[in-house]
Amino acid sequence: MPLFTDYRPVSVRFSDTLPPDSSLTGDEVSNAIARAAKCGAVLAISCRRKRYSAGSYFACHRTIPRSEIVRTYVEQEHVFPDAQTAHAFLDTVQRSPVRSRYILFTPKIADDADVVVLIAQAQQASRILGLSGYRNQFVIDAIPAAPTCAAIYRPLIEPERIHINFIDYFDREVQAKGFYAPGELLVSMTPVLYRELLDAAERSAHGRFAPQEIPAYHAEPLRIMKSSGESQ
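So, a few notes on the structure that sits alongside this text.

How each quantity is defined
- Residues numbered from 1 in each chain as written.
- Predicted model: local features only at pLDDT ≥ 70, side-chain atom pairs only at ≥ 80, totals over all residues.
- Heavy atoms only, no water.
- Disulfide = S-S within 2.5 Å.
- Helix = DSSP H or I, 4+ residues; strand = E, 2+ residues; numbered from the N terminus.
- Buried < 20%, exposed > 50% of the residue type's maximum accessible area, 1.4 Å probe, protein only.
- Pairing = 2+ DSSP bridges.
- Contact = heavy atoms within 4.5 Å.
- Axes fitted to C-alpha atoms, helices over the stretch in contact; angles between N-to-C directions.

### Brief notes about the state of the cysteines
Moving on, step 1. Counting across every chain of the model gives one disulfide.
Moving on, step 2. Between Cys47 and Cys60 runs a disulfide, and the two sulfur atoms are separated by 2.3 Å. Taking the sign of the torsion about the S-S bond as the criterion, the disulfide between Cys47 and Cys60, at about -70 degrees, is left-handed. With a gap of 13 residues between them, Cys47 in the loop between β3 (43-46) and α2 (54-59) and Cys60 in the loop between α2 and α3 (66-76) connect regions that are remote in the sequence. Taken as a pair, Cys47 and Cys60 share a single burial class, namely buried.

Shown next as C-alpha cells:
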C-alpha cells in the first residue's frame, strides 16, 4: 500500500525446505529484498553456501569466527576504530535467533511470514512510526552501523518494535549499488505488528484519518539563497 511503501511488501521466512516456486539466488540479503519488492521475484538464499559475508554471519548464523568479523570491520573497512568497539557492536546487533537451511523472500504478505520488510521513503517511514505511537510504542529499533541484513531478523529479537535500517554503506555503494534510491530505507517488523499498524492506519492522522478544523498558521514561502548571495 502506498501509505507504507511504493513497492511490494516482502515476507521473509526462515525455512529448512525450499518451496517449488522459490528460485535460489546467489544474491546477498540486500539484493534479494530489492528484487522481491521491486521486481516481484520469489527468491531463496541457501545458508549452506560457502561464503564469507555479513549475511552469512548475521542472517544465516554460520560458524564464521567472530575474530574474522572483527578484523574485517576494524582493519579492512575501518567501520570501527578498535576491536573493543567492534565487539560492543556485535553484542548489540546480535545474530538471527533462527538457524535454517534457507531464507525465503516473497513479494506479498504471506500467512507464514516470520518478518515483513518494506522499502520506504522518509515520509512513509514517518507515517509508520507515527502509527507505532498510536499503539503506545515510542521506542524503535535502530542500531548505528547495522548491516542491511539485520532488517530480516531484528524484529525476531525485538518483536514489539519497528526496526529501521538505513542500508549499509557497502550495499549502497558496492554490493547492491543501484538497487536502492538515495532516499530509501528499510522498515521491518513482525507480521502481527504489521497488521496492527494497518488497523491503526484507519484511525490515526498518520494513516488515513483526515482531521478537520485544526488551526494552522502558514509561513511565508521559503526564499533560498544562492551561493552567490542572491535570493531566488
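Next comes the rest of the description.
### Observations regarding the pairing of strand β7 (residues 184-189)
Moving on, step 1. Most of β7 is tucked away, with six of its six residues classed as buried.
Moving on, step 2. In β7, alternate side chains face the same way, and those of Glu184, Leu186 and Ser188 on one face and Leu185, Val187 and Met189 on the other are all buried.
Moving on, step 3. Of the strand pairs in this sheet, strand β5 (residues 115-121) and β7 are connected by six bridges, and their pairing is antiparallel. Bridge assignment links Leu118 to a residue of β7, and that residue is Val187.
Moving on, step 4. Both strand β6 (residues 163-165) and β7 contribute to a ladder of three bridges, which runs antiparallel. In the sheet register, Asn165 faces β7, and the bridge partner there is Leu186.

### A word on the sheet that holds β5
Moving on, step 1. With respect to topology, seven strands assemble into an open sheet ordered β2-β3-β4-β1-β5-β7-β6, the strand pairing being mixed. Of all the strands in the sheet, just β2 (23-24) and β6 have a single pairing partner and so form its edges.
Moving on, step 2. Relative to strand β4 (residues 102-106), strand β1 (residues 10-15) runs antiparallel, the two being bridged by five bridges. For Phe14, the partnering residue across the bridge sits in β4 and is Ile103.
Moving on, step 3. Across the sheet, helix α1 (residues 29-39) touches β1, β3, β4, β5 and β7, and the angle it forms with β5 is around 80 degrees.

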